[in-house]
Amino acid sequence: MKIGLFIPCYIDAFYPNAGIATLELLEKLGQDVDYPLDQTCCGQPMANSGCNSDAAAAEALFVRNFAKYDAIVMPSGSCTHHVRDNFDAIPQTAEVQHVRKNTFELVEFLHDILKVEDFPWAEFPHKVGLHNSCGTLRALRTASMSELGEPFFSKPMDLLSKVKGISFATPKRPDECCGFGGTFSVTEEAVSARMGLDKVRDHHQAGAEYIVSADTSCMMHQQGCAERGGVPIRFIHIAEILNGARS
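Residues numbered from 1 in each chain as written. Predicted model: local features only at pLDDT ≥ 70, side-chain atom pairs only at ≥ 80, totals over all residues. Heavy atoms only, no water.

(A) Summary view of the nonpolar core. If you look at the biggest cluster of nonpolar residues, it comprises 50 residues, and the most contacted ones within it are Phe62 and Leu242. Taken together, domain 1 (2-113) and domain 2 (127-242) each give at least three residues to this core, which thus spans both. In contact with Phe62, other than residues within four places in its own chain, are Phe6, Cys42, Ile72, Met74, Val83, Phe87 and Val99. By size, the runner-up hydrophobic cluster in this structure holds ten residues, among which are Ala169, Ala208, Val231 and Phe235. (Core = buried A, V, L, I, M, F, W, Y, C linked by side-chain atoms within 4.5 Å. Buried < 20%, exposed > 50% of the residue type's maximum accessible area, 1.4 Å probe, protein only. Domains from an automatic or database assignment. Contact = heavy atoms within 4.5 Å.)

Structure below.
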């Protein structure tokens, strides 16, 4: 299949290694990947802030960039959730419907579509705590939700378990929100910061050397909380581990 790669704004600006790792990983897995050069924002920040009509131009550009691809893959659960479930500031044409239906977050694409069984180049000899963002957990359902009491499953953990040398730390409250929540971290700064500090302390006390996630936005928030709170823990995107990063 022909894949269009979307790299979210904050990854492009602050964590480009996660975007590069996503491209390299897909190519290692034999995929034909394009990166449309005039891509910008998917429109999520405007929609999340209640300014849905302001997202129209960004959504229209997104469709022009990606409608020709069989699948659109992105290393972000929140952006995937926006495109798939809230992409309604523009008329719902056949092209828009195609884009919405065929947009995938990286973990679900590897797990559900490509059904990857091995990452022979990957080795990560560290103990990690897995952070599932609220968007991936409760909207994309890439893992079970502890508040529902349902049988356990975790697509990101399934993939990470195929990496040599890795081990897992289990925090006491694994599904608790880290407090980022997009503009929530701006409008409710004090609450957001305390939630983030609680989150990174929970992982650190469980023995994690790294917090790994499919959502860099959450990790960006948690990294700031950890640095300000003096919590000695590192952060890495799941694409970097699966692509072969050792640290």
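(B) View of the sheet that holds strand S6 (residues 167-169). One open sheet holds the four strands; their spatial order is S6-S5-S7-S8, and the pairing between them is parallel. The two strands at the open ends of the sheet, each matched to only one other strand, are S6 and strand S8 (234-237). Ignoring which end each strand starts from, the neighbouring axes of this sheet average 40 degrees apart. Of the pairings in the sheet, the one linking strand S5 (residues 127-131) to strand S7 (residues 210-213) comprises four bridges and is parallel in character. When the sheet's bridge partners are listed, His131 is paired in S7 with Ser213. Those strands touched by helix H11 (residues 189-205) are S5, S7 and S8, and its axis lies near 145 degrees from that of S5. Packing of helix H12 (residues 216-229) onto the sheet brings it into contact with S5, S7 and S8, and relative to S8 it is tilted by some 170 degrees. (Pairing = 2+ DSSP bridges. Helix = DSSP H or I, 4+ residues; strand = E, 2+ residues; numbered from the N terminus. Axes fitted to C-alpha atoms, helices over the stretch in contact; angles between N-to-C directions.)

(C) Looking closely at helix H2 (residues 16-28). Under the 1.5 Å per step criterion, the end-to-end length of H2 is 18 Å for 13 residues, consistent within 8% with the ideal 18 Å. For H2, the full list of buried residues reads Ala18, Gly19, Ala21, Thr22, Leu25 and Leu26. Take H2 and look down its axis: the buried residues cluster within an arc of 160 degrees, on one side only. (Expected span 1.5 Å × (residues − 1). Arc of directions from axis to C-beta.)

(D) Representation of the domain arrangement of the protein chain. According to the domain assignment, the protein chain consists of domain 1 (2-113) and domain 2 (127-242). Residue-level contacts link 25 residues of domain 1 with 20 residues of domain 2. Together domain 1 and domain 2 conceal approximately 1900 Å² of surface at their shared face, both sides included; 69% is due to carbon and sulfur atoms. Three residues stand out in domain 1 for area buried against domain 2, namely Tyr15, Val107 and His111, and they jointly supply 29% of the buried area on that side. Where domain 1 meets domain 2, there are one salt bridge. In this structure, Lys155 engages Asp112 in a salt bridge whose closest nitrogen and oxygen atoms are separated by 2.7 Å. For the side of domain 1 that touches domain 2, the secondary structure elements donating two or more residues are helix H1 (9-14), H2, helix H5 (77-85) and helix H7 (106-113). If one sorts the elements of the side of domain 1 that touches domain 2 by residue count, H7 sits on top with six residues. (Buried area = accessible area lost by both parts, 1.4 Å probe. Salt bridge = Lys/Arg side-chain N within 4 Å of Asp/Glu carboxyl O.)

(E) View of the side chain of His221. Structurally, the position occupied by His221 is in helix H12. Residue classification places His221 among the buried positions, given a relative accessible area of 14%.

(F) Representation of the packing of aromatic side chains in the model. In this structure the tally under the stated criterion is eight aromatic pairs. An aromatic cluster of three or more residues is present, and its members are Phe6, Phe62, Phe66, Tyr69 and Phe87. (Phe/Tyr/Trp six-rings, centres within 6.5 Å; stacked < 30°, edge-to-face > 60°.)

(G) Structural context of the UniProt feature "domain: Cysteine-rich" (unreviewed entry) in the protein chain. Taking the numbering used here, the UniProt-annotated feature "domain: Cysteine-rich" (unreviewed entry) corresponds to residues 4-83 and 128-221. Along residues 4-83 one finds 52% helix and 11% strand; the C-alpha atoms at either end are 14 Å apart. (UniProt positions renumbered as here; feature names shortened; annotations may be inferred.)

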